[in-house]
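# Structure assessment
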Amino acid sequence: MAVAVRYISTRGGCAPQTFDQVLLTGLAPDGGLFVPTSLPQLKHEEIAAWRDLNYAELALQIVTPFVGESIEQEELKRIIVDSYAAFDHADVAPLTQLGEEEWLLELFHGPTLAFKDFALQVLGRLLDYVLVKTRQRVVILGATSGDTGSAALEGCRHSHNVDIFILHPHQRVSEVQRRQMTSVPGENVYNLALEGNFDDCQRIVKAAFADQSFLPENRQLVAVNSINWARIMMQIVYYFHAALRLGAPERAVSFSVPTGNFGDIYAGYLAKQMGLPIDRLVIATNKNDILHRFISGNDYSVAALNKTYSPSMDILVSSNFERYLFDLFERDGAALAAFMTRFGKEKLSVSEAQWRRVRACFDSASVDDATTCRVIAEVHAQTGILLDPHTAVGVQAARLVERDPTVPMVTLATAHPAKFSEAIAAAGLSAPALPEQLADLFTREERYQVVGNDLAAVTDYIATHC
Ligand SMILES: *Cc1c(COP(=O)(O)O)cnc(C)c1O
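Residues numbered from 1 in each chain as written. Predicted model: local features only at pLDDT ≥ 70, side-chain atom pairs only at ≥ 80, totals over all residues. Heavy atoms only, no water.

### Topic: helix α8 (residues 198-210)
Since the α-helix turns once every 3.6 residues, residues separated by three or four places project in the same direction. In a regular helix each residue adds 1.5 Å, so 13 residues correspond to 18 Å; α8 covers 18 Å between its end C-alpha atoms and thus fits that length. Turning to α8, its buried residues are Phe198, Asp199, Asp200, Cys201, Gln202, Ile204, Val205, Ala208 and Phe209. On the buried face of α8, the contacting elements are β5 (138-143), β6 (162-169), β7 (189-194), β8 (221-223) and α18 (455-465). At the N-terminal boundary of α8, the capping side chain belongs to Asn197, with an oxygen 3.0 Å from the backbone nitrogen of Asp199. (Helix = DSSP H or I, 4+ residues; strand = E, 2+ residues; numbered from the N terminus. Expected span 1.5 Å × (residues − 1). Buried < 20%, exposed > 50% of the residue type's maximum accessible area, 1.4 Å probe, protein only. Contact = heavy atoms within 4.5 Å. Polar contact = N/O pair within 3.5 Å; in protein donor to acceptor, adjacent residues only side chain to side chain.)

What follows is the structure in structure tokens.
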């Protein structure tokens, strides 16, 4: 394989870093996000040769150049194999047919029933390995709209070298989501319920990363949100896995991705840049539709937050979109930094030529709650398959956009329906039972602390508990 990838900031103000350096940070020091300096370019024959690999073998092939010399190959292999052994389906990410050239990619067979497990099972083990090697102890801090929190806690709680603090918006996550986080045992595990929305959580986390002087000496913050490059990297794999199963690279495939922070779909964009024949990438949003407004009308401005049946996508600002914008700005960090300083203060748009490039790659649609419930009911009546509300948004978006009917359209099924019983009930159906490993969830003891919507309240809590 080619030389190992290095990482630079989207704002242009940071020297190239190695994989383990970016693994142990969050945002780049200049406020940007880390992106690879270059992507591995895969030839048609190289992709075709991966057809018979199982999920873990494929993952190892894809991520090796991104990790480089940071982790020995045998260790990396062990980490990946162990991570996906915890999934409850032999194919890890099975495909299910929904209709004519219409597919679901089931990404909910991990321990916490959402796609976040694909990255966070690996991230926890990567951290463990690197921290033991360097004899460091770190503080993991993350904000969650629901699913990241439990997946991060599940992925990292066994690590002896971390204290993990997860902020969720108080009373704005589903009961299953809350219980999945607050019932995780462990001396090093802390849940904070913030009296605000997800964007408040995200803002406070960002501010804590920017000024870490509240921490004891020799400690640093590590990010588990999708600003952490390792998460994006692990999500590239299932695009290849699904496309290969459907006939790639001889054939193109399209994907519809229920989108919040733009992490998952950005991984799809990278797969395409690496040479996977992806035809369309559909950005599927709920009422919180900043990305849909941008794609459809070149309007990149913040609107008010809506609470919906798909809470993991109730997000005003999609932080990972900056990684895509970096490419759109021809990797000119200074130009992007200037653009991002204006963001949130005024209505932003890009040039006509840039906007055409965006639309050559992405489609988008916004789906409201009533439609989401209707799609859940209709798909269940027609196929017996029960969609979770995020997946339903994805399925509907795929049906709304114009597309080539001969190209398979794969919707990422991002969560198990048992996690979102409220939406299932609103669709007039009864929620499925929780899978066996979570059957006693409602009787487990919960531990969490409610905190005010205030940076100091959060950093004081961390400083006294880590
Ligand atoms: C996190 C999440 C999303 C959104 O993913 P992004 O990477 O933030 O775009 C969609 N659906 C579910 C179920 C999620 O947990």
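Once you've had a look at it, read on.
### Notes on the pattern of salt bridges
Counting across every chain of the model gives 25 salt bridges. Across the pair Asp289 and Arg293 runs a salt bridge whose closest N-O atoms are separated by 3.0 Å. Exposure remark for Asp289: the relative accessible area of 18% places this residue in the buried category. Given the relative accessible area of 19%, Arg293 is considered buried. The partner of Asp440 in a salt bridge is Arg444, with the nearest N and O atoms 2.8 Å apart. The structure contains a network of salt bridges with shared partners spanning Glu175, Arg178, Arg179 and Glu446. (Salt bridge = Lys/Arg side-chain N within 4 Å of Asp/Glu carboxyl O.)

### Some thoughts on helix α14 (residues 352-361)
Among the residues making up α14, those that are buried are Gln354, Trp355, Val358 and Cys361. Viewed end-on, α14 has its buried residues packed into an arc of 125°, placing them on one side of the element. Turned more than 90 degrees off the buried face of α14, the exposed positions are Arg356 and Ala360. Each element contacted by the buried residues of α14 is listed here: α10 (263-273), β10 (278-285), α11 (290-297), α12 (321-328) and β11 (362-366). (Arc of directions from axis to C-beta.)

### Overview of the packing of helix α4 (residues 73-85) against helix α5 (residues 116-134)
With their axes 9 Å apart at the nearest point, α4 and α5 run at an angle of 140° to one another. The orientation of α4 with respect to α5, classified from their angle, is oblique. For the crossing formed where α4 meets α5, the hand is right-handed. Residues Glu75, Leu76, Ile79, Asp82, Ser83 and Tyr84 of α4 lie in contact with α5, whose contacting residues are Phe118, Gln121, Val122, Arg125, Leu126 and Tyr129. A class-by-class count of the residues in the contact of α4 with α5 yields seven nonpolar, two polar and three charged. (Axes fitted to C-alpha atoms, helices over the stretch in contact; angles between N-to-C directions. Parallel < 35°, antiparallel > 145°, perpendicular 65-115°, else oblique. Left-handed = near helix turned anticlockwise from the far one by under 90°. Nonpolar A, V, L, I, M, F, W, Y, C, P; charged D, E, K, R; others polar.)

### A closer look at the environment of Leu42
Tracing the backbone shows Leu42 in the loop between β2 (34-36) and α2 (44-48). A relative accessible area of 10% means that Leu42 is categorised as buried. For the pair Leu42 and Leu276, spaced 234 residues apart in the sequence, the C-alpha separation amounts to 7.8 Å.

### Things to note about the site of the ligand
Taken together, the neighbourhood of the ligand is formed by 15 residues, with Lys116, Asp147, Gly260, Asn261 and Asp264 sitting nearest. Measuring from an oxygen atom of the ligand, one finds a side-chain N or O atom of Asp147 at 2.4 Å. At 3.1 Å, a backbone N or O of Phe262 approaches an oxygen atom of the ligand. When isolated, the ligand has an accessible area of 380 Å², and the protein chains bury 97% of it. (Near = heavy atom within 4 Å. Areas by Shrake-Rupley, 256 points an atom, 1.4 Å probe, with all protein chains shown as cover.)

### Remarks on the nonpolar core
Core analysis: the largest hydrophobic core is formed by 113 residues, its most contacted members being Tyr239, Phe240 and Phe362. When residues of this core are assigned to their parent elements, the largest contribution, 13 residues, is made by helix α9 (residues 229-245). Membership of the second largest hydrophobic core comes to 26 residues, among which are Leu167, Ile204, Val205 and Phe209. (Core = buried A, V, L, I, M, F, W, Y, C linked by side-chain atoms within 4.5 Å.)

### A look at the sheet that holds β6
Read across the sheet, five strands follow the order β8-β5-β6-β7-β13 without closing on themselves; strand pairing throughout is parallel. Whereas interior strands pair on both sides, the edge strands pair on one side only; in this sheet they are β8 and β13 (449-451). Strand-to-strand twist of the sheet, defined as the mean angle between neighbouring strand axes without regard to direction, takes the value 30°. Bridging between β6 and β7 involves six bridges; their strand directions are parallel. Looking at β7, one finds that Ile164 is bridged to Val189. Each of β5, β6 and β7 is contacted by helix α6 (residues 147-156), which is oriented at about 170° to β6, the strand it contacts most. (Pairing = 2+ DSSP bridges.)

### A closer look at the packing of α5 against α6
Here α5 crosses α6 at 35°, and the two axes come no closer than 8 Å. Handedness of the α5/α6 crossing: right-handed. Where α5 abuts α6, its residues Lys116, Asp117, Leu120, Gln121, Gly124, Arg125 and Leu127 lie against Asp147, Thr148, Ala151, Ala152, Glu154, Gly155 and Cys156. For the contact of α5 with α6, a count of residues per class yields five nonpolar, four polar and five charged.

These figures come from the coordinates and say nothing about function on their own.
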